[in-house]
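Listed here are the chains, written in short residue letters.
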Amino acid sequence: MNPEEASGDDLSGSSAFNKKETIIPEEDISDITIKENSSDSDSAPEKQGSAKTDDQGLPPRDPEKKIPEKKIIENESLSMNSGSSPSVHKKKRSGTSYVVVLLALITVIAVSMAAIFYGLGFGGNLGTSEKIAVIYVQGSMLTGNVPSGFGYATSEEISENIHTAVADENVRAIVLRVNSPGGSPAAAQEIAIEIEKAQEQGIPVIVSMGDLAASAAYYISAPADYIFANPSTSTGSIGVIWVFENMSSFNEKEGIDYYISKSGEFKDMGGSWRGLTDDEKEYADTVVMESYENFVTQVAEGRNMSRSEVKDLADGRVYTGSRAKELGLVDDFGNLYDAIDKAAELGGIQGEPRVVYMNRASISRLLLGSESGDSNEETRQLVNYFEKSPYGKILACIS
């Protein structure tokens, strides 16, 4: 073979070889492109040579030709990644909002529960500062369990609050805020006993009279260490009354008749279907005077007066605060806060005391006082035994 032929064959073979080397499947273009982009500066001549080969040996690509599948997947992946950032931020913001709302709800619930418990009198043992306990005696006094705020002051609730205050080692004194026309002598005696127990434990008791602190309400005030009243307060009314109701004339007019079977002469005493016999009247007077003597003794011991001095005042009359001060039934004029200051003084409290209102009426107390929702009806049922007693009502009360 002559040199020219050999040269031609070599060139032909070289051209074929070049074509084989430069014809690359389209699906591998992206890989080559990535490799080319990632190569260093030393490979620049190779890139130029490759470009020349492409220009000489390959036809130009069709611009309308579809993008390889791998490239489409890469582009979609890039698009998804680039769009994920706003979504993440939105989720973070949503999560933060939920946390803020949850914390706000917890705070509201905590504050509400604290207000309810404080209104119900469970806040008396909070804190460690020296305290003065204020206990309200508001409404007609009787034994039993009636929520405060419904016109009755029960000996159970008031005695319980006094007992709780004494049990709190941080309480230095007790203030009784009294607004009551009186009530049951038995209820007054229960409260007075608890007051004396507090004093025996070294806890002074101060009374702050409001509009009215008469009869049984004065009974519980007498043993206090100090009594404040306003000049126009109605107080005193030291005495006892037993009320009977005779509806026999009405029953006769209406044609109502009763047959009473009884085991003893006095068993139906006080029944509204008849009046009292002379013996029953005498017996009723004896019972009233017995309670009256207890009342006189309570006032005499509490106010450091003789029984004769008390009896001169204890004819049932009501005194103004001004007159009561002249007679020695109260110590001074002043309001609730004057009583609190005096309590701090007698309790040996240095500085500003913490005042704890044990049973102050509140919305939460009124709402939670009755499960039935009909608080007035439930209250009537609770006090029916007292208001509708078949034996009449013995009262240390303004009639």
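Residues numbered from 1 in each chain as written. Predicted model: local features only at pLDDT ≥ 70, side-chain atom pairs only at ≥ 80, totals over all residues. Heavy atoms only, no water.

Quick word on the environment of L276
Assignment of secondary structure puts L276 in the loop between α8 (248-254) and α9 (278-303). For the pair formed by L276 and F266, sequence separation is ten residues and the distance between their alpha carbons is 9.6 Å. Excluding anything up to four places from it in sequence, L276 contacts F244, M269, G270 and K281. (Helix = DSSP H or I, 4+ residues; strand = E, 2+ residues; numbered from the N terminus. Contact = heavy atoms within 4.5 Å.)

Points about the nonpolar core
Core analysis: the largest hydrophobic core is formed by 55 residues, its most contacted members being M141, I162, I174, L176, M209, Y218 and L329. At eight residues, the largest contribution of residues to this core is made by α9. Sequence-distant contacts of M209, defined by excluding residues within four places in its chain, comprise R177, V178, Y218, S221, I227, F228, A229, N230, T233, T235 and V330. Core analysis: the next-biggest nonpolar cluster, separate from the first, contains 15 residues, A339, I340, A343 and Y357 among them. (Core = buried A, V, L, I, M, F, W, Y, C linked by side-chain atoms within 4.5 Å. Buried < 20%, exposed > 50% of the residue type's maximum accessible area, 1.4 Å probe, protein only.)

Focus on the pattern of salt bridges
Tallied over the full model, the rule gives eleven salt bridges. We note a salt bridge from E130 to R172, for which the minimum N-O separation is 3.3 Å. Here the residue E130 occupies a position in the loop between α4 (69-119) and β1 (131-138), and R172 occupies one in strand β4 (residues 171-180), the gap between them amounting to 42 residues. Taking the relative accessible area as the measure of exposure, E130 reaches 30% and is therefore partly exposed. Residue classification places R172 among the partly exposed positions, given a relative accessible area of 25%. Linking D268 and K262 is a salt bridge whose minimum nitrogen-to-oxygen distance equals 2.9 Å. The network of salt bridges with common partners includes K262, D268, R274 and E280. (Salt bridge = Lys/Arg side-chain N within 4 Å of Asp/Glu carboxyl O.)

Quick look at the pairing of strand β7 (residues 226-229)
Looking along a regular strand, one sees side chains alternate from face to face of the sheet. Burial along β7 is two-sided: Y226 and F228 and I227 and A229, pointing in opposite directions, are all buried. Sheet analysis places strand β6 (residues 205-214) next to β7, joined by three bridges and oriented parallel. Among the inter-strand pairings, V207 is bridged to a residue of β7, identified as I227. Each parallel crossover has a hand, and the one from β6 via helix α7 (residues 216-221) to β7 is right-handed. (Pairing = 2+ DSSP bridges. Right-handed = clockwise from strand over helix to strand, strands pointing away.)

Things to note about the packing of helix α5 (residues 155-167) against helix α6 (residues 185-200)
Contact geometry of α5 with α6 gives a least axis separation of 9 Å together with a crossing angle of 5°. The angle between α5 and α6 falls in the class roughly parallel. Between α5 and α6, the residues in contact are S155, I158, S159, I162, H163 and V166 and A187, E190, I191, E194, I195 and A198, respectively. Of the residues belonging to the contact of α5 with α6, the class tally is seven nonpolar, three polar and two charged. (Axes fitted to C-alpha atoms, helices over the stretch in contact; angles between N-to-C directions. Parallel < 35°, antiparallel > 145°, perpendicular 65-115°, else oblique. Nonpolar A, V, L, I, M, F, W, Y, C, P; charged D, E, K, R; others polar.)

Description of α5
Taking 1.5 Å as the rise per residue, α5 with 13 residues should run 18 Å; its terminal C-alpha atoms sit 18 Å apart, in good agreement. Turning to α5, its buried residues are S155, E157, I158, S159, N161, I162 and A165. (Expected span 1.5 Å × (residues − 1).)

Notes on the confidence of the model for the protein
Averaged over all residues, the pLDDT of the protein is 77; the fraction at 70 or higher stands at 62%. Ignoring residues within four places in sequence, the model shows residues 1-58, a span with pLDDT below 50, making 16 contacts including any to other chains. Note on residues 369-374: pLDDT under 50 across the span, and six contacts to partners over four residues away in sequence or across chains. (pLDDT = per-residue confidence, 0-100.)

Observations regarding the pairing of β4
For β4, the tally of buried residues reaches nine of ten residues, placing the bulk of the element in the interior. As paired elements, β1 and β4 share eight bridges and run parallel to each other. Across the sheet, residue Y136 finds its bridge partner in β4, namely R177. As paired elements, β4 and β6 share six bridges and run parallel to each other. Across the sheet, residue I174 finds its bridge partner in β6, namely V205.

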